[in-house]
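# Report on the structure
In case you want the letters, here they are:
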Amino acid sequence: EHFELTVSALKTFGIEGEELHTLMRALCIVLQLGNLTFEPDPSVDGEGTLLVAGDELEKVTHLMGIGQEEIKNAITTRLVKARGEEFVARLTPTQSRDSCDALAKEIYSQIVSVLVDKMNKRTHPALSLERS
């Protein structure tokens, strides 16, 4: 019942069809990113992370349309540039969780931005007068 009300409200602001599908997909990505878990990689001394979430990782990569290795690397490593050289640094589990959370927050921020923009356009006084 609440979902139907939400969809109806979004339709009022012109969010329907493929745009609604994309919005829901983005929300699912945010939620799935929160389900990923990280553990220290025992095969590496010091830093390194294992992404421990087989099913969850598969779901998020399917929703995002990218490969599992791509998301693993994006979340558990960073590219460091120093003195004209580049190398890949492995992140700790805590840093990887922070990286994952930052990605989820950015996606969520973009969702809110789109929603606010749509609502502002639909409730803009000049546009309301033109429709009358």
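To be clear, the structure that these remarks concern was listed above.
Residues numbered from 1 in each chain as written. Predicted model: local features only at pLDDT ≥ 70, side-chain atom pairs only at ≥ 80, totals over all residues. Heavy atoms only, no water.

### Section: the overall build of the chain
- If you tally the helices and strands in the chain, you get six helices and four strands.
- In sequence order, the chain lays out its α and β elements as α-α-β-β-α-α-β-β-α-α.
- At 20 Å, the chain has a C-alpha radius of gyration far larger than the 14 Å of a compact globule built from 132 residues.
- Taking the principal axes of the C-alpha coordinates as reference, the chain spans close to 70 × 40 × 20 Å.
- Here the chain holds 132 residues, and 24% of them are scored as buried.
- For the chain, contacts bridging at least 24 residues in sequence account for 53% of all contacts bridging at least 6. (Helix = DSSP H or I, 4+ residues; strand = E, 2+ residues; numbered from the N terminus. Rg over C-alpha atoms; globule rule 2.2 N^0.38 Å. Buried < 20%, exposed > 50% of the residue type's maximum accessible area, 1.4 Å probe, protein only. Contact = heavy atoms within 4.5 Å.)

### Observations regarding the environment of Lys 105
- When you line up the elements, Lys 105 lands in helix 5 (residues 93-123).
- Given a relative accessible area of 61%, Lys 105 falls into the exposed group.
- A C-alpha to C-alpha distance of 18 Å links Lys 105 and Thr 77, two positions 28 residues apart in sequence.

### Re the packing of helix 2 (residues 17-33) against helix 5
- Between helix 2 and helix 5, the least distance of the axes is 9 Å, while the angle of their chain directions is 155°. Between helix 2 and helix 5, the interaxial angle falls into the category roughly antiparallel. For the pair helix 2 and helix 5, the crossing hand works out as left-handed. Note on element contacts: helix 5 touches helix 2 through Arg 97, Cys 100, Leu 103, Ala 104, Ile 107, Tyr 108, Ile 111, Leu 115 and Lys 118, opposite Glu 19, Leu 23, Ala 26, Leu 27, Ile 29, Val 30 and Leu 33.
- Grouping the constituent residues of the contact of helix 2 with helix 5 by class yields 13 nonpolar, no polar and three charged. (Axes fitted to C-alpha atoms, helices over the stretch in contact; angles between N-to-C directions. Parallel < 35°, antiparallel > 145°, perpendicular 65-115°, else oblique. Left-handed = near helix turned anticlockwise from the far one by under 90°. Nonpolar A, V, L, I, M, F, W, Y, C, P; charged D, E, K, R; others polar.)

### Considering the pattern of salt bridges
- As enumerated under the stated definition, the model contains eight salt bridges in all.
- The residue Arg 97 makes a salt bridge to Asp 101 at a minimum N-O spacing of 3.1 Å. Of the two residues, Arg 97 and Asp 101 are both situated in helix 5; the distance of four residues between them amounts to about one turn of the helix.
- Judged by relative accessible area, Asp 101 falls into the partly exposed class, the value being 29%. (Salt bridge = Lys/Arg side-chain N within 4 Å of Asp/Glu carboxyl O.)

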